[in-house]
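# Remarks on the overall topology
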Amino acid sequence: MSNVLVICGSLRKGSYNAMLARALPALAPDGMTFTPAPRVDTMPHYNFDDQNTSGFPASVAAFADAIRAADDVIIVSPEYNWTSPGTLKNAIDWVSRMKDQPFKDKPVALQSASGALLGGSRMQYHLRQCLTSIDALIFGRPEVIVTFAPQKFDEKTLELKDQPTRDMIKLQLAGFAAFIRKVSGKA
Ligand SMILES: Cc1cc2nc3c(=O)[nH]c(=O)nc-3n(C[C@H](O)[C@H](O)[C@H](O)COP(=O)(O)O)c2cc1C
């Protein structure tokens, strides 16, 4: 049994990454359940002076608590200008300053969708670096990189219709489940 928190890096109503996140339960192995994280735009811009004078805002505490309560995390995000969206990075920066830092030793898998050829992969490699700096346990591969996203989702139902992409996600989630068992000593 594994309860995965899903953090979405897009705020857009018609987000392909949000569609990808919604596709996960149907493609997951038995016993893997999913909870959406609070939106990453619930937190103010990080400012050390604010943290110093007022502590962590309630929105940051809620985001950190959601990560702590989960067994593992999947981040599903677009790539902005070859890296992670600033709002997602801001959320990570906030919780990284906490004493009981919620990403420490937390298994994390990454997924991205983009309209372009590289499917947000550069964002994933930057997130790997960023999350390694705060001791998250990053799942390696298979990777989920959804290229040319508009062709992979049904415009009307907003469902992931592309079978090779669905198969790739199934493989990743099965691999992530095995990784979780391994790092939690339950293998
Ligand atoms: C500010 C901005 C920067 C972007 N930069 C990239 C990029 O570097 N690489 C890429 O593949 N797509 C880039 N895109 C296009 C996004 O991948 C595309 O808008 C995608 O649909 C966003 O994900 P979403 O549908 O989940 O919101 C960018 C979009 C925006 C708004």
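Quick note: structure is the one above.
Conventions used here
- Residues numbered from 1 in each chain as written.
- Predicted model: local features only at pLDDT ≥ 70, side-chain atom pairs only at ≥ 80, totals over all residues.
- Heavy atoms only, no water.
- Helix = DSSP H or I, 4+ residues; strand = E, 2+ residues; numbered from the N terminus.
- Expected span 1.5 Å × (residues − 1).
- Buried < 20%, exposed > 50% of the residue type's maximum accessible area, 1.4 Å probe, protein only.
- Contact = heavy atoms within 4.5 Å.
- 1 Å grid on protein atoms, 1.4 Å probe; cavity = no way out; pocket = protein on both sides within 12 Å on 5 of 7 lines; lining within 4 Å.
- Points joined across faces, edges and corners; volume = space filled by probe spheres on them.
- Nonpolar A, V, L, I, M, F, W, Y, C, P; charged D, E, K, R; others polar.
- Near = heavy atom within 4 Å.
- Polar contact = N/O pair within 3.5 Å; in protein donor to acceptor, adjacent residues only side chain to side chain.
- Areas by Shrake-Rupley, 256 points an atom, 1.4 Å probe, with all protein chains shown as cover.

## Regarding helix 5 (residues 121-132)
Between its first and last C-alpha atoms helix 5 spans 17 Å; for 12 residues at 1.5 Å apiece the expected length is 16 Å, and the two agree. Taken residue by residue, helix 5 has Ser121, Met123, Gln124, Leu127, Arg128, Cys130 and Leu131 as its buried positions. Against the buried residues of helix 5 lie strand 3 (72-77), helix 4 (86-96), strand 4 (107-113), strand 5 (137-138) and strand 6 (144-146).

## Examining the layout of surface pockets
Over the atoms rolls a probe the size of a water molecule, and in doing so it shows where empty space is left. Of the volumes computed, that of the largest pocket is approximately 390 Å³. If you trace the largest pocket, you find 18 residues lining it, with Val6, Cys8, Ala18, Ala21 and Pro36 closest to the centre. Taken together, the elements giving at least two residues each to the lining of the largest pocket come down to strand 1 (2-8), helix 1 (16-27) and strand 2 (32-36). The element best represented in the lining of the largest pocket is helix 1, accounting for 4 residues. Here the residues of the lining of the largest pocket are counted per class, giving 12 nonpolar, 2 polar and 4 charged. Put simply, the second largest pocket is a space of about 300 Å³. Among the elements that line the lining of the second largest pocket, the one with the most residues is helix 6 (residues 163-183), at 4 residues. Of the residues assigned to the lining of the second largest pocket, the class counts are 8 nonpolar, 3 polar and 6 charged.

## Topic: the environment of Phe56
Mapped onto the fold, Phe56 is located in the loop between helix 2 (48-54) and helix 3 (58-69). Once the C-alpha coordinates of Phe56 and Ala70 are considered, the two residues, 14 residues apart in sequence, prove to be 20 Å apart. Beyond its immediate chain neighbours, meaning those up to four positions away, Phe56 contacts Gln51, Trp94, Arg97 and Met98.

## Here we look at the site of the ligand
If you check the shell around the ligand, you find 13 residues, and the closest are Ser10, Arg12, Ser15, Asn17 and Ser114. Within the side chain of Arg12, one N or O atom sits 2.7 Å away from an oxygen atom of the ligand. Between the ligand and Ser15 there is a distance of 2.6 Å, counted from an oxygen atom to a side-chain nitrogen or oxygen. Bound to the protein, the ligand loses 71% of the 620 Å² it would expose on its own. When its residues are assigned to classes, the shell around the ligand shows 5 nonpolar, 5 polar and 3 charged.

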